Amino acid sequence: MPKHFLMCRPEHFTVEYAINPWMDPEAGADREVAVRQWEGLKAAYETLGHQVSLIDPVEGLPDMVFAANGATVVGGRVYGARFAFPQRGPEGPAYLRWFEERGYQVKNPEHVNEGEGDFLTLDEFVLAGTGFRTDVRAHQEAQEFLGRPVISLSLVDPRFYHLDTALFSLDGRNVAYYPGAFSEGSQEVLKRLFPEAVLATAADAEVLGLNAVSDGEHIVINSEAGELQLELKRRGYEVIPVELAELRKAGGGPKCCTLEIRA
Ligand code: ARG
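The structure reproduced in this document is the subject of the present report.

Conventions adopted
- Numbering of residues starts from 1 in every chain and runs along the sequence as written.
- The model is predicted, so local features are restricted to residues of pLDDT at least 70 and side-chain atom pairs to those at 80 or more, both for listing and for counting; the totals for chains, interfaces and linings are taken over all residues.
- For the side-chain quantities, the full set of heavy atoms in the structure was used; hydrogens and water were omitted.
- A run of H or I in DSSP becomes a helix once it reaches four residues, and a run of E becomes a strand once it reaches two; helices and strands are each numbered from the N terminus.
- All radius of gyration figures rest on C-alpha atoms, and the globule criterion is 2.2 Å times the number of residues raised to 0.38.
- Exposure classes here rest on a 1.4 Å probe applied to the protein chains alone. A residue is buried below 20% of its type maximum, exposed above 50%, and partly exposed in between.
- Whether two residues are in contact is decided by their heavy atoms, any of which lying within 4.5 Å being enough.
- Distances are taken per atom, and a residue is near a molecule or strand as soon as one of its heavy atoms is within 4 Å of it.
- In protein, a polar contact requires one atom able to donate a hydrogen and another able to accept it; more generally it is a pair of N or O atoms within 3.5 Å, and residues adjacent in sequence count only if both atoms are side-chain atoms.
- Here, Shrake-Rupley sampling with a 1.4 Å probe gives the accessible areas, and only protein chains in the shown set may cover a residue.
- With a 1 Å grid spanning the protein atoms alone, the term cavity applies to any set of points in which a 1.4 Å probe fits but cannot get out, the term pocket to an open set with protein on both sides within 12 Å along at least five of seven lines, and the term lining residue to any residue with an atom within 4 Å of a point.
- By definition, a pocket or cavity contains a molecule when more than half of the molecule's atoms lie within 2 Å of the pocket's grid points.
- Grid points are joined across faces, edges and corners, and a volume is the space filled by probe spheres set on the points.
- Only one rule defines a salt bridge in this text: a Lys or Arg side-chain nitrogen within 4 Å of an Asp or Glu carboxyl oxygen.
- For two strands to be treated as a pair, DSSP must find no fewer than two bridges joining them.
- With the strands aimed away from the viewer, a crossover counts as right-handed if its path from the first strand over the helix to the second runs clockwise.
- Simply put, an axis is a line fit to the C-alpha atoms, just over the touching stretch for a helix, and the angle between two N-to-C directions goes from 0 to 180 degrees.
- Throughout this description, the term nonpolar core refers to a set of buried Ala, Val, Leu, Ile, Met, Phe, Trp, Tyr and Cys residues connected via side-chain atoms within 4.5 Å.

### Remarks on the overall build of the protein chain
(1) Moving on: Summing up its helical and strand segments, the protein chain has 7 helices and 15 strands in all.
(2) Moving on: Taken over C-alpha atoms, the radius of gyration comes to 17 Å for the protein chain, in line with the 18 Å a tight globule of 263 residues would show.
(3) Moving on: Dimensions of the protein chain, computed from the C-alpha atoms along their principal axes, are close to 45 × 40 × 35 Å.
(4) Moving on: The buried share among the 263 residues of the protein chain stands at 58%.
(5) Moving on: A separation threshold of at least 6 residues defines the contact pool for the protein chain, and within that pool the share at least 24 residues apart is 68%.

What follows is the structure in C-alpha cells.
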C-alpha cells in the first residue's frame, strides 16, 4: 500500500506574516534549517516506499511548503483550495494547475476551503473541519464533487485552526485526536464514530503531534510528541519520529507538508 504524496520544498519559506497563533514575524524562521528538516521528512517517506512528487515553490508564497492545503484528492478527483487569507491566495490556482497539467479532473471551488488541512479522507467518509479557515459550505461542495459523505466538525481552539492539527487517520477507519480542539457537539460525534480512537493529551497537541501521517502501519510524527508515540506503539504501529521544529514556527508539521494523491 505505497502512497503517492505531493510536496513543495520550502525554498521561499519565511515567517513574515501571522495568520495563526504559532507565527511570530519578529522571531522569523531559519530557511536553511527548514529545508534540511523538510528533506528529512521526504527521505522518511521514500524509505517507507512511498512516492513523492514535487511542485515548484513560488517566490513570495512562504507557506506554499504546506502542500496539504493545496487541494483534496479523492479517487483521482481534485477539489481545489480557496484560501481564507489573501497572503496564501495564489497557492490555490498554483496547486490546481499542477493537477490540471497532469490530466486530473479538477474543480475550482466556489467556497473557502484549505484542502486536506480541513478535509480528512477515511475509507467510508470524509471528516471536514470548520471554524477558522474552511467555510462549512465547502463541506457540501466537496461532498457533491467527490461523491463521498462529508461529516462536519467544529474547531474551537485557535492553535488548532485546521482539522489536521487536531486529528489524524490511523488506518482509514480509526483516528487519533485531541478532544480539546473540538466543540462539545463535535466531541460527541467523534466519540460515536470512533469509540476506539487514540485520545491525545494537550502536551502532545501543543507540539503538533496530531499533525501526523499514517500508512496504516507506520506513523510519521513530530519527534516531540512523546506520550502519543508510546500509545501508538502500544497499539502496534511503527512510529517514525521526524524533526520539523522550524516549520512549526509557521504552525505546520509533517502532515501539513504532505498532500496525498489518492488515485
Ligand atoms: N502558516 C500556514 C497557515 O497558517 C500553516 C499551514 C499549516 N497547514 C496545515 N495543513 N495545517 O495557513
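So much for the structure itself; the text now carries on.
### Looking at the site of the ligand
(1) Moving on: The environment of the ligand is formed by 17 residues, the closest being Asn-20, Arg-88, His-162, Asp-164 and Cys-256.
(2) Moving on: Here Arg-88 contributes a side-chain N or O atom positioned 2.6 Å from an oxygen atom of the ligand.
(3) Moving on: Between the ligand and Asp-164 there is a distance of 2.7 Å, counted from a nitrogen atom to a side-chain nitrogen or oxygen.
(4) Moving on: Protein coverage of the free-state accessible area of the ligand, which is 350 Å², stands at 100%.
(5) Moving on: When atoms are counted within 2 Å of each cavity's grid points, the one that captures over half of the ligand is the largest cavity.

### Quick look at the layout of surface pockets
(1) Moving on: If you add up the space inside the largest pocket, you get close to 440 Å³.
(2) Moving on: Lys-3, Thr-121, Ser-169, Glu-260 and Arg-262 are the residues nearest the centre of the largest pocket, which is lined by 26 residues in total.
(3) Moving on: Taken together, the elements giving at least two residues each to the lining of the largest pocket come down to strand E1 (4-7), strand E6 (119-121), strand E9 (167-169) and strand E12 (213-214).

### Brief notes about the pattern of salt bridges
Two side chains with opposite charge may pair up if their charged atoms get near one another.
(1) Moving on: Taken as a whole, this structure holds 19 salt bridges when the rule is applied.
(2) Moving on: Residue Glu-114 pairs with Arg-133 through a salt bridge whose shortest N-O separation is 2.7 Å. Taken together, the residues span a long stretch of sequence, with Glu-114 in the loop between strand E5 (105-107) and E6 and Arg-133 in the loop between strand E7 (126-130) and helix H3 (136-146) at a distance of 19 residues. You'll find Glu-114 and Arg-133 in the same group, each marked buried.

### Overview of unusual backbone geometry
(1) Moving on: Despite not being glycine, Leu-208 has its phi angle at roughly 60°, a positive value.
(2) Moving on: By secondary structure assignment, the location of Leu-208 is in the loop between helix H5 (202-206) and E12.

### Concerning the pairing of strand E8 (residues 150-154)
(1) Moving on: When E7 meets E8, the two strands line up parallel, connected through 5 bridges. What sits directly across from Gly-129, in E8, is Leu-153.
(2) Moving on: For the segment spanning E7, H3 and E8, crossover handedness is right-handed.

### Regarding the environment of Leu-208
(1) Moving on: Take Leu-208: its relative accessible area is 0%, and that puts it in the buried class.
(2) Moving on: Residues Leu-208 and Leu-120, spaced 88 residues apart in sequence, show a C-alpha to C-alpha distance of 16 Å.
(3) Moving on: Sequence-distant contacts of Leu-208, defined by excluding residues within four places in its chain, comprise Trp-22, Thr-165, Asn-222, Arg-248, Gly-251, Gly-252 and Gly-253.

### Here's the deal with the sheet that holds E5
(1) Moving on: One open sheet accounts for 3 strands, arranged E3-E4-E5; its pairing is mixed. Strands at the two margins of the open sheet, each flanked by one partner only, are strand E3 (71-74) and E5. The sheet shows a mean angle of 20° between the axes of neighbouring strands, taken without regard to direction.
(2) Moving on: Bridge analysis of strand E4 (residues 77-80) against E5 gives 3 bridges, and the strand direction is parallel. Its bridge partner being in E5, Arg-77 is matched across the sheet by Gln-105.
(3) Moving on: Across the sheet, helix H2 (residues 91-101) is in contact with E3, E4 and E5; its angle to E5 comes to roughly 160°.
(4) Moving on: Packed onto the sheet, H3 meets E3, E4 and E5 and runs at close to 160° relative to E4.

### Quick word on the nonpolar core
(1) Moving on: Grouped together as the largest cluster of nonpolar side chains are 37 residues, with contacts concentrated most on Leu-127, Leu-167, Phe-168, Phe-182, Leu-228 and Leu-232.
(2) Moving on: Contributing elements (two or more residues each) for this core: E9, strand E10 (175-177), strand E13 (218-222) and helix H6 (226-234).
(3) Moving on: Looking at this core, the element that brings in the most residues is E10, giving 3 residues.
(4) Moving on: Filtering out sequence-adjacent residues up to four positions away, Leu-228 remains in contact with Phe-168, Val-198, Ala-200, Asp-204, Gly-209, Leu-210 and Ile-221.

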